[in-house]
Amino acid sequence: MEDENGEMQLEEILKKNHVTNESEETSESATAQQAQPSPSDKGNKDKDKKLQETNNGSEQILQDQQETAKIRQAQEMEEFYQNGTKILKRSRDKKLRKEGYKLLVKAADIGSTKAMERIAYALLFGDQLPQNVTAAKDLFEALAENGSHKAQTALGFMHATGIGVGFNQPKALVYYTFAALGGNFVAHMILGYRYLNGINLPQHCEAALVHYRTAAKYVADKVALSGEILTEKVRLTERAENLSSNGEIMDVDLYQYYQFIAEKGDLQSQVGLGQLHLTGGKGIEQDYEKAFYYLSKAAQGGSTNALGFLGKMYSEGNELVPQNNETALMYFRMAAERGNPIGLTGLGLAYLYGKGVPVDYEEALKYFKKAADKGWVDGQFQLGVMHYAGLGVKRDYKMAVKYFHHASQAGHALALYNLAQMYGSGTGVVRSCLTAAELYKNVCERGQWTERFLSAYFAYKENNIDSAFLQYLFLAEQGYEMAQSNTAYILEYEQSALLSQIDCYHMALIYWNRAAAQGYSYARIKLGDYYYYGYGTNVDYETAAIHYRLAAEQQHSAQAMFNLAYMYERGLGAEQDLHLARRFYNLAAETSTDAYIPVFLALCKLGAINLIQSVQYANLSEVWKQLSLDRLLWPHWDLFLIMILTLLLAVLMAYRHG
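Along each chain, the written sequence defines residue order, and numbers are assigned to residues from 1. Residues qualify for local features only when their pLDDT is at least 70, as the model is predicted, and side-chain atom pairs are given and counted only at 80 or more; totals for whole chains, interfaces and linings, by contrast, use all residues. Excluding hydrogens and water, the side-chain figures rest on all heavy atoms present in the structure.

Structural notes on the overall build of the protein chain
Basically, it comes down to this: Helix and strand assignments follow DSSP, with helices taken as H or I runs no shorter than four residues and strands as E runs no shorter than two, numbered in order from the N terminus. Each residue is assigned to one of three classes by its accessible area relative to the maximum for its type, calculated with a 1.4 Å probe on protein chains only: buried under 20%, partly exposed between the two thresholds, exposed over 50%. Residues are treated as being in contact if the distance between any of their heavy atoms lies within 4.5 Å. Here the open area of atoms and residues is found with the Shrake-Rupley method and a 1.4 Å probe, where only the protein chains shown may cover a residue.
Summing up its helical and strand segments, the protein chain has 33 helices and 0 strands in all. Per-residue burial for the protein chain yields a buried fraction of 42% across its 658 residues. Considering only intrachain contacts with a sequence separation of at least 6, the fraction spanning at least 24 residues in the protein chain is 52%. In the structure as shown, the protein chain presents an accessible area of about 36,300 Å², 53% of it carried by carbon and sulfur atoms.

Considering the pattern of salt bridges
Our working definition: In the sections that follow, a salt bridge refers to a side-chain nitrogen of Lys or Arg positioned within 4 Å of a carboxyl oxygen of Asp or Glu.
Inspection of the entire model under this criterion finds 14 salt bridges. Put simply, glutamate 363 and lysine 366 hold a salt bridge, and the shortest N to O gap is 3.3 Å. Here glutamate 363 and its partner lysine 366 are both found in helix H17 (residues 361-373), 3 residues apart, which amounts to about one turn of the helix. You can call glutamate 363 partly exposed: its relative accessible area is 23%. The partner of lysine 441 in a salt bridge is glutamate 445, and the shortest N-O contact between them spans 2.5 Å.

Re the nonpolar core
Here is the rule we go by: Throughout this description, the term nonpolar core refers to a set of buried Ala, Val, Leu, Ile, Met, Phe, Trp, Tyr and Cys residues connected via side-chain atoms within 4.5 Å.
Of all hydrophobic cores here, the largest spans 139 residues; its most connected members are Leu124, Phe140, Phe469, Leu470, Tyr472 and Ile490. Here the element with the most residues in this core is helix H23 (residues 465-477); it accounts for 9 residues. Counting 35 residues, the second largest nonpolar core, distinct from the first, contains Leu295, Phe332, Leu344 and Ala371.

Describing the environment of phenylalanine 458
The topology assignment puts phenylalanine 458 in helix H22 (residues 452-461). Sequence separation between phenylalanine 458 and glycine 283 is 175 residues, and the spatial gap between their C-alpha atoms is 9.9 Å.

A short note on the packing of helix H12 (residues 267-279) against helix H14 (residues 304-316)
Threshold: Interaxial angles span 0 to 180 degrees and are taken between N-to-C directions of axes, which are lines fitted to C-alpha atoms, for helices over the stretch in contact. Oblique is the label for any angle not covered by the other classes, which are roughly parallel (under 35 degrees), roughly antiparallel (over 145) and roughly perpendicular (65 to 115). Note on convention: near helix rotated counterclockwise from far helix by under a right angle means a left-handed crossing. Clockwise means right-handed.
Where H12 contacts H14, the two axes come as close as 10 Å, and the packing angle between them is 25 degrees. Overall, the two elements H12 and H14 adopt an arrangement that is roughly parallel. As for how H12 packs across H14, the hand of that crossing is left-handed. Across the interface between the two elements, Val271, Gln275 and Leu278 of H12 pack against Asn305, Ala306, Phe309 and Met313 of H14.

Shown next, in the form of C-alpha cells:
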C-alpha cells in the first residue's frame, strides 16, 4: 500500500509539472509578443523557483524508487540463480534438475547473464531443456556481444566443429582467444591442446604451457580449498555392449544392495558408502549428511578408516559439520593409534599448520613418514611439500620430486601440479616444456568441467544420441582422449538427426587420429581399419600397415599384430612375406589368449597355402631322381623289407591253417 500511495503521489506530481510547464510556456510567449516587462515578473520568478524545487524533489523520489527496485530485482535474480545452480550441482535427478532450470529461466527473464549462459549451454546440449542448436547459437551471439567469455568459448566450439554454423577455424580461434583473455579456463585448455599438438596453429610448446598453467592453477587452488571430486569416465568402446553394469558407474540396484547390507551392520559397505557420498564418486551424488551417517555407524563398529574420514570432515568443515579442530584431532588420534594412514596424515597436517596444536615440523614429518610407509598418497605428497619448502628437514628438491612422483602415480592432483611447476621452471630436474605441459594438462582434466562426462554418459545410456555426441565433442575439443574416442565411436556406430547432417566417417577419422596420438591403441587400430577399407579417406594399405605396426610395437596390441600378419600374408601395403606373417600370428597368440583360435585357423590356412605352393612349383620327376632311399631310411633297407614281408606271410599262413 505504501508503494501504491507513493506511485499515486508521483503521478500527481508529474501531472502538475506538465500543466505548470505549459502555462509557463504560454506566459513566456505572451511576454515576448509584448516585448515589455510585466508587473507580475517577480511573482513568476518565485513560481519558477518553487516549480524547480518540486521538479528536483520528484526526480529524486523517482531515482530512489528506481534504485530500490533495481536492488530488489538484483537480489531476486541472484537468489533464483543461486538456488537453481545449487540444485543442478548437487542432484542428478531429472525432476529436480528441471526445477533448477526453471529457476534459472526466471533469473534470465529478470536479466541474469550467468543464468542466460547456463540456459544457452542447456539448449546446445539438450540438458533438461529441448535441444535447439539454432536458439543456443543466437543466445550465445547476443551474450558474446556483451563480452561473455563462456558464450565466446561456445561459439568457438561451434565454428571449430561446424555445429549449427559452417566450419570456420580462423573464427573459432578468434573466439577462443578472446574467451581466454576474458578468463575462461576451458578456452585456455582448448588453446593449450591446440598449441601442444599443432591443430590449426603452429606447434608451440611454450604457448601451450602458458595456457595450461593458467587453467591448472585454478584447478589446483580449488582442490587445495575443497578437495578433489572424482568424476568417472566411461569408455564407450569398451562398455557399449553392457552399459547397465560397468565398473565406473554404480547401478541403482547395486547401490540399494549396499545400503541394505550397510543397515545390517556391514562395516565395509558403511565405509564405502560414506566415502562415496563424501567425495561424490562412481556417479553417486555428494551428500554430507549421508556421508556422516554411514561413517558414524562404521566408526561405532570399529572402522579406523571411518574414524579418519570423520576427522577429515571436522578438520575441513562443511555445511553439515562445522569446522572443529578439537573434534578432528580426537578422531585423527583414535585412527592413528591403530596405525590408520588417514589418521596419521591428519595429525601430520595438524602439526604442520598448527590446527589445534602448536606448529611442530618434526612431529608432522614423523606422522607423514608413517602414512607414506603405508602407501598413503597424501602422506607422500606432504613429505614432498616439506622437502620442497625445507620444513623440518633440509631443503632437497630431488627428494621432493621423488615424493611428488610417487603421489602423482596414484593421480594426486596437487602432486601433479607441483611436478609440473618443477619441470616448467627446471627446479630439481632438467627443464622440460613438454613434460610440464603434459602434467599441467593432466591437472586441468580434473577440473569441474569434467562433470560433463557423466551427463554425456547418461544421455547416451538413455539413447539421447545428439545430446551425448555434442557433450563428448565439446570435451574432445578440450583434449580429453576418452572423449575423443567416444566421439569417434558415436560417429561410426550411431545414428541420429544431427549425425545425418555430418560426414561421419571423415569426422570420426579426425577424432580417432587425435585419440591415437594420445596413446590409445584401439584408436590406432581403427585408423588402420579406416585406411584399409577407405572409410572417410582413400584406400591406402601402406598407411594402414604403418598404423597397425605402431599399435603392435608401442601398445603391444594382439589385434594389430594379427592384422599386420594378414597384410604380410596377402602382400598388402608391404611385400608378401609368409615368414613374417607366421611370426606376427605367433606374437598375437603369445600376447593374448583370445587370439589362440583365430591364430590357429590362420596358421592352418598358411600351412595349406605353403603345401599347395610347394606342390604347384615342384618338379616331381627331378625330386624322384634325387631321392635316395638309402639316405632317407637306412642302408640295405631292401633286405629288411624282404624279411618283414616273409614274416608277415608266415604269420598269415599259420593263421589260415590254424
